[in-house]
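If you want the building blocks of each chain, they are given just below.
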Amino acid sequence: MVQTEPIAYKENGDLSRTEAKISLLDILVLLAGRKRFLVRFVLGAAVLGTVVAFLLPVRYEAKVTLLPPSQNSSVGSSLLGQLGNLGSLGSLASLTGLSMKNPADMYLAFLTSRTVEDAMINRFDLMKEYHEKRISDTRKELERRTTAAAGTKDGLIRLSIEDRDPKRAAELANGYVEEFRKLSASLAITEAARRRLFFGLQLQDAKDNLTKAEEAMRKTQQSTGVLQIDSQARSLIEAAAILRGQVVAKQVQIQSMQSFAADDNPELILAKQQLAALESQLQKVAGSATDTGSDINLSKGRVTESGMEYVRRYRDLKYHETVYELLAKEFEVAKLDEAREGSIIQVVDAAVPPDKRSFPPRMLIVIGVTILAFLFAGFWIVLRQGLAHAFELPENRQRLEAIKEHLKEKQKTA
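By convention here, each chain's residues receive numbers from 1 onward along its written sequence. In keeping with the predicted nature of the model, local features appear solely for residues at pLDDT of at least 70, side-chain atom pairs appear and are counted solely at 80 or more, and the whole-chain, interface and lining totals rest on all residues. To get the side-chain values, all heavy atoms of the structure are used, and hydrogens and water are removed first.

A. Highlighting the overall build of the chain. To qualify as a helix, a DSSP run of H or I must reach at least 4 residues; to qualify as a strand, a run of E must reach at least 2; elements of each kind are numbered from the N terminus. On a plain count of helices and strands, the chain comes out with 15 helices and six strands. Throughout, exposure labels follow a simple rule: accessible area from a 1.4 Å probe, protein chains only, divided by the maximum for the residue type, with under 20% read as buried, over 50% as exposed, and the rest as partly exposed. Expressed as a percentage of the 414 residues in the chain, the buried residues total 35%. Restricting the contact set of the chain to residue pairs at least 6 apart, pairs at least 24 apart contribute 75%. For the chain, the accessible area works out to roughly 25,300 Å², and carbon and sulfur atoms hold 57% of it. In what follows, residue pairs with any heavy atoms lying within 4.5 Å of each other are defined as contacts. What sets the accessible areas is the Shrake-Rupley method with a 1.4 Å probe; for residues, cover comes only from the shown protein chains.

Below, the structure is given as structure tokens:
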């Protein structure tokens, strides 16, 4: 900075000038003149910062690294593709499986869900540990101490948690994984688990329907006295029942595909063509109630009334047997896929008791307090010196007196 006036210095380092602007050298000279105050203040602040750094509660951070399962197509779906029409629901399950850009995000959300957090609070008695009276406040404190993130490049989930005890910190980190596995056991997360849950429910319904059909067949045999029919009729009924079950499965597949596929989707068009072919075959085998001339149709004109009742019950029985067999195969393959996937989430690096504290950063605290103390002391010295010189001017003293008089008047009126 260019100097416009000569500057005179007193022995104690005070500035003897009225110019408002000073140079960096002027500041250094001023600080050198107050070096005893500056050193004492900075040293005192450094000692205080050291004491505070050592009084702050120590925390240790334990980390666990997890590998979520990939959302790949299962080997069971590939095996079902070799079953022909019986694999229609297997392809349906793979088509309707969830598609996620990053599966780790979903598992991260489950890992830090409220259900898992509440289980952690109850398991480790964190309300008492964190000195909280409400579980909502305890949950917030747990979230504040917990950090979880999914890697964008490697897809791994990294979870860390802080605690005053290093051993307890490791137990908390590993506890997150254990509580998540308990939660995932009740949820259908993977594609195979979703198929298992779906086919399990459908299989139970099919089993109930099959039981009813068997009971109706038994009652029909008792009431009509017909215990069996000829082999040709039996073969025709079984073929019609199998085709009918395949038609129902294909209709379910098409209905589900229409919810997410356009009308010109090649897979949807192929499924409709397959359905038309199955319905055509079913029409040839089963015929219609009025078609009595077909040599492969069992109509009322060819059997007695009691025999027709037996045929109806036998047809329903074979139909429900076919549906039950199809769903049972799908259910077993889904269980096979789920078992092949192993654990819902795998532990790459289990949490171990840390051997180094994560908080407080004592060295950074001492250095930061020392620097701030030096800046504050320097600012105070410059500000005090500037104010002292400012009030040495007559016009500034007059302004100060005017302010004092104004304050006195305000006090009297109040």
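B. Here's a closer look at helix α14 (residues 362–390). A helix is expected to reach a length of 1.5 Å times the quantity of its residues less one. Its 29 residues place the ends of α14 41 Å apart at the C-alpha level, agreeing with the 42 Å of an ideal helix rising 1.5 Å per residue. Residues of α14 that are buried: Arg 362, Val 366, Ala 373, Ala 377, Gly 378, Ile 381, Gln 385 and His 389.

C. Broad picture of the sheet that holds strand β6 (residues 346–349). When DSSP finds two or more bridges between two strands, those strands count as paired. Reading across the sheet, the four strands line up as β4-β5-β3-β6 and stay open at both edges, with antiparallel pairing between neighbours. Each edge of the open sheet is held by one strand with a lone partner, namely β4 (146–150) and β6. Recorded for the sheet is a direction-independent mean angle of 25° between the axes of neighbouring strands. Every axis in this analysis is a line fitted to C-alpha atoms, fitted for helices over the stretch in contact. Angles between the N-to-C directions lie between 0 and 180 degrees.

D. Layout of the packing of aromatic side chains. Stacked, edge-to-face and tilted are the three classes for Phe, Tyr and Trp ring pairs, Trp counted by its six-membered ring, which pair at centre distances within 6.5 Å; planes under 30 degrees apart are stacked, over 60 edge-to-face, the rest tilted. With the rule as written, the count across this model stands at three aromatic pairs. Among the aromatic residues, those joined into a ring-pair cluster are Phe 37, Phe 41 and Phe 376. One cation-aromatic arrangement involves Arg 59 over Phe 359; the distance from NZ or CZ to the ring centre is 5.9 Å. We count a charge as sitting over a ring when the NZ of a lysine or the CZ of an arginine lies within 6 Å of the ring centre and within 35 degrees of the ring normal. The side chain of Arg 244 reaches across the aromatic face of Tyr 319, ending 4.1 Å from its centre.

E. Looking closely at the packing of helix α6 (residues 114–124) against helix α8 (residues 135–145). One way to put it is that α6 packs onto α8 with a least axis distance of 10 Å and a crossing angle of 100°. Taken together, the axes of α6 and α8 are roughly perpendicular relative to one another. Mapping the contact onto sequence places Arg 114, Glu 117, Asp 118, Met 120 and Ile 121 in α6 and Ile 135, Thr 138, Arg 139, Leu 142 and Glu 143 in α8. The cut-offs work like this: below 35 degrees is roughly parallel, past 145 is roughly antiparallel, 65 to 115 is roughly perpendicular, and the gaps in between are oblique.

F. Representation of the side chain of Glu 162 within the structure. By the element assignment, Glu 162 lies in strand β5 (residues 157–163). Given a relative accessible area of 18%, Glu 162 falls into the buried group. Here a polar contact means two N or O atoms within 3.5 Å. Within protein one must be a hydrogen donor candidate and the other an acceptor candidate, and residues neighboring in sequence count only if both atoms are side-chain atoms. Reaching out from Glu 162, the side chain makes a polar contact with the side chain of Ser 358 at a distance of 3.3 Å.

G. Structural detail: the packing of helix α2 (residues 35–55) against α14. With their axes 8 Å apart at the nearest point, α2 and α14 run at an angle of 150° to one another. In terms of orientation, α2 lies roughly antiparallel with respect to α14. In this structure, α2 meets α14 at a crossing whose hand is right-handed. Seen from α2, the contacting residues are Phe 37, Leu 38, Phe 41, Val 42, Ala 45, Ala 46, Gly 49, Thr 50, Ala 53 and Phe 54; seen from α14, they are Arg 362, Ile 365, Val 366, Val 369, Thr 370, Ala 373, Phe 374, Phe 376, Ala 377, Gly 378, Trp 380 and Ile 381. Note on convention: near helix rotated counterclockwise from far helix by under a right angle means a left-handed crossing. Clockwise means right-handed.

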